[in-house]
Number of protein chains: 2
Amino acid sequence: MAVEHPYVPRDLELHGYVPNFLSILDILVVYAAGSVLSVLLTWVFSGRYPKLSKTDRIIMCWWAFTGLTHFILEGYYTFSPRFYQEKTPFFLAEVWKEYSKGDSRYAARDPAIVTVEGITAVLEGPASLLAVLAIAWNKPYNHTIQLAVCLGQLYGCLVYFITAHLQGDNFSMSPWHFWAYYIGANSPWLVIPTLIAARSWRAISRAVSTASTTAKKGKTL
Amino acid sequence: MAVEHPYVPRDLELHGYVPNFLSILDILVVYAAGSVLSVLLTWVFSGRYPKLSKTDRIIMCWWAFTGLTHFILEGYYTFSPRFYQEKTPFFLAEVWKEYSKGDSRYAARDPAIVTVEGITAVLEGPASLLAVLAIAWNKPYNHTIQLAVCLGQLYGCLVYFITAHLQGDNFSMSPWHFWAYYIGANSPWLVIPTLIAARSWRAISRAVSTASTTAKKGKTL
């Protein structure tokens, strides 16, 4: 027998929908445990590089966490158009069945959502993980790749929020889902990339100033 | 009497549509004349800075041209949802009535299109013009802002082309309009930002390497 989906708008057609097996708490606990593990491992790894500042090490943890989120969670979403038909309590399908209560455009396969998630998973996921190594190894493109990924994340957030507004903001089951999932779960990706982008922008400007002073001195000698 | 619009898909509803007054040739001549003028003025302006390389000066012309295109053409589109009802041969409305023959999502006010055009007009337009000055005045954020705008342009192109594909690529009046408008008119914004982004990325890496060598020397002395 067909089960009715809980998503808004109510006339959204989702054939073969199978409800969540896990509660929101179960899902959060698993996600938090995975995130804490990735942060801890990155913290230990970064400790092997004594020249890194504490801020660098904290930012490496963020890149590991966000990179794995992009690559695994958003990668699964991008390539699983029928996640809502999943008949087992497979964690990644559970995440998106639950999240769609806050934004049904995910289940509805809205083209802007699939595009932004695809770019985030395929390009920004691996680039975030590369940023972890670029910081550890103090590569010359260290701040450039951080800035690039931050700008991509911010562009993605803009597309996400502006298309929602243009479409009439009608995709949340309840105000609670709207604020907790749509606003709450996404706002870290507005705030943190803004802070890291500003930091990397300043670091690049400092390096360029130093390099150009050095070049001038070289000419004067 | 209502005039039928020429756009595809044929069931697209556009009340009060008024056909083009200018031919595609008229439109191209005006756009080309405006572009050549902006390039010439930028070339003359850049000539006042003798330290600039010829490549820098050419790239300044590109930033002036693309910045004005973003700001004026795409700015008009973003804030003119009823451009297809324009009853005079107003140039900016003519551009978008014509371009919609290659991509009717413009006339249809597709949310992803409006979002990308809005970001491009409001953020990337002014930032492109700032890049002209940043190069002229050799600011420390010269290459950073160029890279940032290029990445924004590339992200916009990705959203533009991927959403089109996901929506079934059904928005061109004819294969000619598809290739000339949808592919042809957009591909410069894939190719040129890729080249400039790579150049600025390398310039930043060089500066960071020089600055870090200088810092090490300072410590050794």
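The following paragraphs examine the structure supplied in this document. From a predicted model like this one, the values you see are computed outputs, not experimental measurements.

1. Brief notes about the overall build of chain A
Logical step 1: Assigned secondary structure in chain A consists of 8 helices and 0 strands.
Logical step 2: The order of helices and strands in chain A, counted from the N terminus, is α-α-α-α-α-α-α-α.
Logical step 3: With respect to the three principal axes, the spread of C-alpha positions in chain A is 85 × 40 × 25 Å.
Logical step 4: Counting over 221 residues, chain A shows a buried share of 49%.
Logical step 5: Considering only residue pairs separated by 6 or more positions, chain A has 72% of its internal contacts joining residues 24 or more positions apart.

2. Description of the interface of chain A and chain B
Logical step 1: With 34 residues of chain A in contact, the opposing surface of chain B contributes 34 residues.
Logical step 2: A buried area of about 2800 Å², summed over both sides, lies between chain A and chain B, and 82% of it is on carbon and sulfur atoms.
Logical step 3: Contact with chain B buries surface across chain A, with P140, Y155 and W201 of chain A losing the most and accounting together for 22% of the total.
Logical step 4: Between the two partners, chain A and chain B, sit 1 residue pair in polar contact (both at pLDDT 80 or more).
Logical step 5: Listed by contribution, the elements that provide at least two residues to the side of chain A that touches chain B are α5 (111-136), α6 (142-166) and α8 (188-220) of chain A.
Logical step 6: Per-element tally for the side of chain A that touches chain B: the top contributor is α6 of chain A, with 13 residues.
Logical step 7: In terms of residue class, the side of chain A that touches chain B is made up of 22 nonpolar, 11 polar and 1 charged.

3. A word on the side chain of D110 of chain B
Logical step 1: Relative to the helices and strands, D110 of chain B resides in the loop between α4 (105-108) and α5 (111-136).
Logical step 2: Apart from residues lying up to four places away in sequence, D110 of chain B is in contact with R105 and Q167 of chain B.

4. Side note on unusual backbone geometry
All names here are of chain A.
Logical step 1: V8 connects to P9 through a cis peptide bond whose omega is 0 degrees.
Logical step 2: Its place among the elements puts P9 in the segment before α1 (24-46).
Logical step 3: Positive phi, close to 65 degrees, is recorded for R109, a residue that is not glycine.
Logical step 4: Relative to the assigned elements, R109 resides in the loop between α4 (105-108) and α5.

5. Overview of the side chain of K101 of chain B
All names here are of chain B.
Logical step 1: Within the secondary structure, K101 sits in the loop between α3 (91-99) and α4.
Logical step 2: Given the relative accessible area of 15%, K101 is considered buried.
Logical step 3: In terms of polar contacts, K101 uses its side chain to reach the side chain of E98, at 2.9 Å.
Logical step 4: If we skip the residues at most four places from it in the chain, K101 touches P6, Y7, N20, F171, S172, M173, H177 and Y181.

6. Quick notes on the environment of L195 of chain B
Logical step 1: For L195 of chain B, the location among the structural elements is in helix α8 (residues 188-220).
Logical step 2: Since its relative accessible area comes to 57%, L195 of chain B is described here as exposed.

7. Comments concerning the packing of aromatic side chains
Logical step 1: Scanning all chains against the criterion turns up 51 aromatic pairs over all chains.
Logical step 2: Residues Y99 of chain B and Y106 of chain B carry aromatic rings whose centres are separated by 5.0 Å and whose planes lie at 85 degrees to one another, so their mutual orientation is edge-to-face.
Logical step 3: Ring plane angle 70 degrees and centroid distance 6.2 Å describe the contact between Y106 of chain B and Y160 of chain B, whose orientation is recorded as edge-to-face. Within this pair, whereas Y106 of chain B is found in helix α4, its partner Y160 of chain B is found in helix α6 (residues 142-166), the two being separated by 54 residues in sequence.
Logical step 4: What makes Y106 of chain B buried here is its relative accessible area of 3%.
Logical step 5: Above the face of the Y77 of chain A ring, R109 of chain A is positioned so that its terminal group lies 4.4 Å from the ring centre.

Rules of the game
- Along each chain, residues carry numbers from 1 onward, in the same order as the chain's sequence is written.
- Both sets of labels track the order of writing: A upward for chains, 1 upward for ligands.
- Where totals are concerned, whole chains, interfaces and linings use all residues; where local detail is concerned, this predicted model gives features only for residues with pLDDT of at least 70, and gives and counts side-chain atom pairs only at 80 or more.
- Side-chain descriptors were evaluated using all non-hydrogen atoms of the structure, hydrogens and water having been removed beforehand.
- Starting at the N terminus, helices and strands are each numbered in turn, a helix being any DSSP run of H or I of at least four residues and a strand any DSSP run of E of at least two.
- We call a residue buried when its accessible area falls under 20% of the maximum for its residue type, exposed when it is over 50%, and partly exposed in between, using a 1.4 Å probe and counting protein chains only.
- Any pair of residues with heavy atoms lying within 4.5 Å of one another is described as a contacting pair.
- When two components associate, each loses some accessible surface as probed by a 1.4 Å sphere; the sum of these losses over both components is called the buried area.
- In the analysis that follows, any N or O atom pair within 3.5 Å is treated as a polar contact, provided that within protein one partner can donate a hydrogen and the other can accept it, and provided that, for residues neighboring in sequence, both atoms belong to side chains.
- Gly falls in the polar group here, along with every residue not listed as nonpolar (Ala, Val, Leu, Ile, Met, Phe, Trp, Tyr, Cys, Pro) or charged (Asp, Glu, Lys, Arg).
- A pair of Phe, Tyr and Trp rings is counted when the ring centres sit within 6.5 Å of each other, with Trp represented by its six-membered ring. The angle between the planes then sorts it: under 30 degrees is stacked, over 60 is edge-to-face, the rest tilted.
- Over a ring means this: the NZ of a Lys or the CZ of an Arg is within 6 Å of the ring centre and within 35 degrees of the ring normal.

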